[in-house]
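# Coordinate analysis (summary)
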2 protein chains.
Amino acid sequence: MARLTLTDADASVRRWLDDEVKKLGCTLHVDQMGNMFARQKGRLNSSAPMVAMGSHLDTQPRGGRYDGILGVMAALEVLRTMKENGYQTNYDVGLVNWTNEEGARFPKSMCSSGVWAGVIPIEQAWNLQDIHDPNVTLRSELERHGYLGDIPCSPEGFPLGAHFELHIEQGPILVETGRSLGVVQGGQGYRWLTFTVYGRDAHTGTTPFSARQDPLLAASKMIASSNEIAKQHGALASTGVLKIPSNASTNTVASQVTFTLDIRHLEDEVVHAVQKECLESFANIAKQDGKGVSFDWTMDTDSAAVKFNKDCIDAVRTAADELVGAGQYMDITSGAGHDTVNTSRHCPSTMIFVPCRDGVSHHPEEYCRPEDW
Amino acid sequence: MARLTLTDADASVRRWLDDEVKKLGCTLHVDQMGNMFARQKGRLNSSAPMVAMGSHLDTQPRGGRYDGILGVMAALEVLRTMKENGYQTNYDVGLVNWTNEEGARFPKSMCSSGVWAGVIPIEQAWNLQDIHDPNVTLRSELERHGYLGDIPCSPEGFPLGAHFELHIEQGPILVETGRSLGVVQGGQGYRWLTFTVYGRDAHTGTTPFSARQDPLLAASKMIASSNEIAKQHGALASTGVLKIPSNASTNTVASQVTFTLDIRHLEDEVVHAVQKECLESFANIAKQDGKGVSFDWTMDTDSAAVKFNKDCIDAVRTAADELVGAGQYMDITSGAGHDTVNTSRHCPSTMIFVPCRDGVSHHPEEYCRPEDW
């Protein structure tokens, strides 16, 4: 599946969704970021904010058919099932399709729920450029497709009473533990750091270990150490990028190495503790071999942990108990970012995770079994 | 200093050398690889092969003024000093300038001593292309400058009775131990291996350690382990190149990592033992974390250790004792390749190392103090 946000393909599915919700008697509201809110009136005809179910319909360039999409389809299925059974809630319920969750075309992930939550200025979001064509902005594409709505993109413009998001886990935990449902407790806090280790290039044949300042040896030990430290805390620490910017060769010790460190845990305090211990350990490692190396670091991202609403979590747990039964569901934490992380700043929110095969997502092989929907 | 082999600058210094040795009464002989042999007749007018002193006058593109050059200049200075003092040896002595030692322009290092020694076929050496212009070959440049001689490039074409090469150490050992001379025992054996570690890309936030196959974590531990193993053997093991070919990102565990391993020791048996222990250790590391990784490897270079001639070494040691005195010189091993490694296959050979500042070579900052020449 390739449905980059606000492309013709995205506009097409938006129009389809528009039709579907109207067939069910919903009203459709579009805000200034193109977020789509379908509202099913409740019996009490109250002006209370609607309880929303939703996610996003955009994908990565080589994405799957479930990430985001399943959450919107599940919401639509709930509305259809209510309609088919003549069931009407007391208060308004509805569906949301959040614009540009992936950030794959306009590079800002969880973009329009972020604007709604007040963490991303709307001008900044509007001015995001297509990564392949700087003349095209998110706003110009909203206008082109007729999805630049009048409603302010904010909790005042379109308030929500609560927000529930069903999503594939994007990890292997449910599959490996044989559970069919995860009751999501919140989102991990994470910090992304970049380290640069400075040494001195030297001939591998003529330079004894005692005379070396080998940044790759030091970086290797740092990566291994960060893994040990994270394990001790039940946290995650991962290095995805390692670069040797100088002209490296088999018989030359590098002069400089850069690597990233991604530290995660449900508790911010643990993230901070892992970072602190890593910095202490790295300082020791820097002195260990030969004439030692130096290093510096930057913090590129600092995202606080989010705890979802207890009442919402309890509601999911009660439903899970009825639907799949005890032992078939488990508490789980979201490792990835989701629109619900943004909504939870302004309304009671939580998520429901369903298993995906091998934990694979952002890939055409992404798969969720029908019985797990 | 930038004097790439067989450029106009190299031709110019060759003509200068030609003049200088002829002024001293030497005869100049040029072989089919442009190797220059200056021969000073001995008193006995014997037809025995000459005892040679030599090195190379070519440099790296951003090289220094001592690597190679000092060995040719020292030989010239010996011949001048003999002349000035009316000293004549019993047998012939002389100077050699070996063509294309650096392999920087025509990519084959120790090229023409290699042809002389029979380890590089002359056609292969002749056909080497200029790295910037495939229309220019080593042979076409020999012809252009008039240095394609008639003498076969071989021990039969121009036999040598012995070969002595004075060279900067290209390492920090002499400087750090305060010695002014190194009596070179031979050249290290070395093996160059390339390892590829295979894992599976995974989201750093949603994939628990237990579910990962992280090739970068494994490679980091392998690099640290190879260092430990080499230390235990008094050998060297170095990783200069590490590459992550997939699209790495901060929040994605890589799927594949490639790194090099350069193992060195004066004894081939130790090189082999270090390799064996590394392979065993790497196999254990591959199983240690999460779901494990797999790896394969290739051997790119296998260069056996060379031991220089005992009589030549003794001659250098005796001279060192007289010249700088006990405690001021030391036995040392060559970590880099040199023309003498080739000559030692066919005639008694050794080298003399002199200190270079900070162990730096192949760099404009390369420096050897006049008192150390």
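A brief look at the structure comes next. Note on numbering: residues in each chain are counted from 1, in written sequence order. Whichever chain is written first is A, and whichever ligand is written first is 1; the rest continue in order. Under the rules for a predicted model, residues below a pLDDT of 70 receive no local features and side-chain atom pairs below 80 are neither given nor counted, while totals for whole chains, interfaces and linings still include all residues. In computing side-chain values, all of the structure's heavy atoms are included and hydrogens and water are not.

### Some thoughts on the pairing of strand E2 (residues 36–40) of chain B
All names here are of chain B. Only protein chains enter the accessibility calculation, which uses a 1.4 Å probe. A residue is then buried if its area is under 20% of the maximum for its type, exposed if over 50%, and partly exposed in between. Each helix corresponds to a stretch of at least 4 residues labelled H or I by DSSP, and each strand to a stretch of at least 2 residues labelled E; elements are numbered beginning at the N terminus. Taken across its five residues, E2 has five buried, putting it largely inside the fold. Where burial is concerned, the two faces of E2 agree: the one with Met-36, Ala-38 and Gln-40 and the one with Phe-37 and Arg-39 are both buried. Strand pairing follows a simple DSSP-based rule, namely that at least 2 bridges must link the two strands. Connecting strand E1 (residues 27–30) to the next strand, E2, in antiparallel fashion are five residues, including Gly-34 with a positive phi near 80°. For E2 and strand E4 (residues 93–97), the ladder comprises five bridges, and the chain directions are antiparallel. Counterpart to Ala-38 in the pairing with E4 is Leu-95.

### Notes on the interface of chain A and chain B
In what follows, residue pairs with any heavy atoms lying within 4.5 Å of each other are defined as contacts. Contacts between the two partners involve 50 residues from chain A and, on the opposite side, 50 residues from chain B. Values labelled buried area give the accessible surface lost by two parts on being combined, using a 1.4 Å probe and summing over both. Across the chain A/chain B interface, buried area totals approximately 4,100 Å², and carbon plus sulfur atoms make up 61% of it. Counting the surface chain A buries against chain B, the share from its top three residues, A:Thr206, A:Phe209 and A:Thr250, is 16%. Here, a salt bridge means any Lys or Arg side-chain nitrogen found within 4 Å of an Asp or Glu carboxyl oxygen. The interface formed by chain A and chain B includes four salt bridges. A:Asp289 is the salt-bridge partner of B:Lys231, the closest N and O atoms lying 3.2 Å from each other. N or O atoms within 3.5 Å of each other form a polar contact, as long as, within protein, one can give a hydrogen and the other can take it, and as long as residues adjacent in sequence are counted only when both atoms are side-chain atoms. Our count for the contact surface shared by chain A and chain B stands at 10 residue pairs in polar contact (both at pLDDT 80 or more). Going through the elements one at a time, helix H6 (173–177), helix H7 (215–232), strand E11 (236–238) and strand E14 (256–265) of chain A are the ones with two or more residues in the side of chain A that touches chain B. With nine residues, H7(A) is the single largest residue contributor to the side of chain A that touches chain B. In terms of residue class, the side of chain A that touches chain B is made up of 20 nonpolar, 19 polar and 11 charged. Each residue is assigned to one class: nonpolar for Ala, Val, Leu, Ile, Met, Phe, Trp, Tyr, Cys and Pro, charged for Asp, Glu, Lys and Arg, and polar for all the others, Gly among them.

### Comments concerning the pattern of salt bridges
Once their charged atoms are close, side chains differing in charge can pair, the charge on each being opposite to the other. Inspection of the entire model under this criterion finds 50 salt bridges over all chains. Note that A:Lys276 and A:Glu280 form a salt bridge whose closest N and O atoms lie 3.2 Å from each other. Taken as a pair, A:Lys276 and A:Glu280 lie in helix H8 (residues 268–288) at a separation of four residues, close to a single helical turn. Taking the relative accessible area as the measure of exposure, A:Glu280 reaches 42% and is therefore partly exposed. Between B:Arg144 and B:Glu141 there is a salt bridge; the shortest N-O distance is 2.7 Å.

### Concerning the nonpolar core
The biggest cluster of nonpolar side chains holds 61 residues, and the ones touching the most others in it are A:Leu242, A:Phe259, B:Leu242 and B:Phe259. Residues in contact with B:Leu242, not counting those within four places in the same chain, are A:Leu216, A:Leu242, A:Ile244, B:Leu216, B:Ile223, B:Val257, B:Thr258 and B:Phe259. To define a nonpolar core, start from buried Ala, Val, Leu, Ile, Met, Phe, Trp, Tyr and Cys residues and group those joined through side-chain atoms within 4.5 Å.

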